[in-house]
Amino acid sequence: MAKITNPFEIYRLLPQTNCGECALPNCLAFSAAVIKGQKSLAECPYIKSADKEQLANRIGIREDFSRARGEDLKILQSRVSNIDFSTKAEPLGAKFVSGKLAVKSLGKDFFIDTNGNVTSECHTHVWMTVPLLSYIIHSSGENITGRWVPFRELKDGGPMNPLFVQRGEKPLKKLLDSNSELLGDLISMFSGERADNSLFSSDIALSLYPLPKVPVLICYWNPEGDMDSDLNIFFDVSAEKHLNIESIFSLGVGLVMMFEKIARKHS
Ligand code: SF4
């Protein structure tokens, strides 16, 4: 049976009460520690015995997350090599150009060859190339619905939502709290659009297209009186027809990491 290398497979089996009895602050930290070999399943008293037995032989130790993502990339590249780009381009909202697939991401063309190699006029990152190849392989071609939902309301989003808030929404809120001009810059740099801010009664709403059929809506609420500012990242309700939840997570958090890098350079 395949080894478990994704902490969320363990997290799903936990009571998610963050009780701290395992001497870690929360269940997510415990899941990650188990994958790294720093904790054993036995240290959480609330995992069912049957789950413990079933999981015990499937836990692989992932020392280096980025190396593991590189391994994911190789598997995806080999799967892309079996795809007929000429018929797949249209349902993906992409183009078939000189034997390659041209996929727009944040307003820039990314070219994918038949070996799954990704090139672009701008720098490519693993956080982007993994969801991009995954999109080519898994997308159903379904059209965008225009109905936005937060990450936690995606079908498989619940268990990963605390980490999405921690790694995606909180850092982006902090960034906009200190640099409210940034959203305007992001619009021009990444072909974003001002969105209808009356939809969620936000002060600012910005939509971006990291993949042609996987748009992202960022809504920001200014602080008011005693109320702190707030920020949510929304996805079209059809997002899981194109990507699995791990790739949606990677896309959202990767975007935020890129914005942080840009903000640091500009400050
Ligand atoms: S003991 Fe179990 S339930 Fe409590 S925080 Fe640790 S992993 Fe979560």
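Residues numbered from 1 in each chain as written. Predicted model: local features only at pLDDT ≥ 70, side-chain atom pairs only at ≥ 80, totals over all residues. Heavy atoms only, no water.

**Structural notes on the sheet that holds strand β1 (residues 95–97)**
Okay, so step 1: The sheet built from four strands is open, its strands ordered β1-β2-β3-β4 with antiparallel pairing. Of all the strands in the sheet, the pair left with one neighbour each is β1 and β4 (118–120). Direction aside, the axes of adjacent strands within the sheet are offset by 35° on average.
Okay, so step 2: Inspection of the sheet shows strand β3 (residues 108–112) paired to β4 by three bridges, in the antiparallel sense. Across the sheet, the residue bridging to Ile112 is Val118, located in β4. (Pairing = 2+ DSSP bridges. Helix = DSSP H or I, 4+ residues; strand = E, 2+ residues; numbered from the N terminus. Axes fitted to C-alpha atoms, helices over the stretch in contact; angles between N-to-C directions.)

**Points about helix α2 (residues 27–35)**
Okay, so step 1: Of all nine residues in α2, seven are buried; the element is thus mostly enclosed.
Okay, so step 2: Residues Cys27, Leu28, Phe30, Ser31, Ala33, Val34 and Ile35 constitute the buried set of α2.
Okay, so step 3: In this structure, the buried residues of α2 make contact with α1 (7–11) and α7 (161–178).
Okay, so step 4: Where α2 starts, the residue carrying a side-chain oxygen 3.2 Å from the main-chain nitrogen of Leu28 turns out to be Asn26. (Buried < 20%, exposed > 50% of the residue type's maximum accessible area, 1.4 Å probe, protein only. Contact = heavy atoms within 4.5 Å. Polar contact = N/O pair within 3.5 Å; in protein donor to acceptor, adjacent residues only side chain to side chain.)

**Points about the confidence of the model for the chain**
Okay, so step 1: Here the chain averages 85 in pLDDT, and 91% of its residues register 70 or above.
Okay, so step 2: By mean pLDDT, the top-scoring element of the chain is strand β5 (residues 148–150) (97), and the lowest-scoring one is helix α4 (residues 65–80) (69).
Okay, so step 3: Within the model, the stretch residues 62–68 combines pLDDT values under 50 with six contacts to residues more than four positions away or in other chains. (pLDDT = per-residue confidence, 0-100.)

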